[in-house]
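What follows is each chain in one-letter form.
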Amino acid sequence: MSISSLAVYCASSHGRDPRHNDTARRLGEALATSGIELVYGGGHVGLMGVIADACLGAGGHVTGVITRSLVRAEVGHTAISELITVETMHERKAIMSERADAFVMLAGGYGTLDEFFEAVTWSQLHIHDKPCYILDPTGYFEPLIAFLDQAVAEEFVRPYNRALITTCTSVPRPLDALAAR
């Protein structure tokens, strides 16, 4: 199964480690050169802005989905291919899920985790059958991955549900894995 669009969940800030910005930039460029549409949270700030600008700069198509309140807060990216404005975060997540063939999480906080784990949960519940990846070249998510493995050991997550999340340590890996599906 080849994919034509990828939802990327990531921070609205840059974080302390400049490698996070580099990861977002490299993924945005890789999406464009692979002809894969970027679907993301619609912001021009933080890692969201970095990935969108990199994808656009490399000739890619970028669709952002953002809430009206975030547009009013002036964080909406007005230079992307398509900006979809919705009322609620629930609508945002649903549209991103509908528009994407797969999901990748980059560094971020509560919002990033919420959006990614909803996509994983929807896969677990057979609402969709789309691959979910954590792209972690810096080790940022190592404690989270250890927690997920502990949840399996404690029998709160079944091993086949843990397998719904693939962790990658380099930008080409998720794209190569998606191309091989």
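Residues numbered from 1 in each chain as written. Predicted model: local features only at pLDDT ≥ 70, side-chain atom pairs only at ≥ 80, totals over all residues. Heavy atoms only, no water.

**Structural notes on the environment of Arg99**
Point 1. Along the chain, the position of Arg99 falls in helix α4 (residues 89–99).
Point 2. Take Arg99: its relative accessible area is 30%, and that puts it in the partly exposed class.
Point 3. Not counting residues up to four positions away in its chain, the partners in contact with Arg99 are Ser5, Glu37, Val39, Thr63, Glu82 and Ile84.
Point 4. A polar atom in the side chain of Arg99 sits 2.7 Å from the side chain of Glu82. (Helix = DSSP H or I, 4+ residues; strand = E, 2+ residues; numbered from the N terminus. Buried < 20%, exposed > 50% of the residue type's maximum accessible area, 1.4 Å probe, protein only. Contact = heavy atoms within 4.5 Å. Polar contact = N/O pair within 3.5 Å; in protein donor to acceptor, adjacent residues only side chain to side chain.)

**As for helix α1 (residues 18–34)**
Point 1. Here α1 contains 17 residues, and its C-alpha end-to-end distance of 24 Å stays within 8% of the 24 Å for a straight helix at 1.5 Å per residue.
Point 2. Looking one or two residues beyond α1, the residue adopting positive phi is Gly35, at roughly 75°. (Expected span 1.5 Å × (residues − 1).)

**What to know about α4**
Point 1. Considered for burial, the residues of α4 that qualify are Arg92, Lys93, Met96 and Ser97. Buried residues of α4 fall within an arc of 125° about the axis and therefore sit on the same side. Turned more than 90 degrees from where α4 packs its buried face, His90 and Glu98 sit exposed. (Arc of directions from axis to C-beta.)

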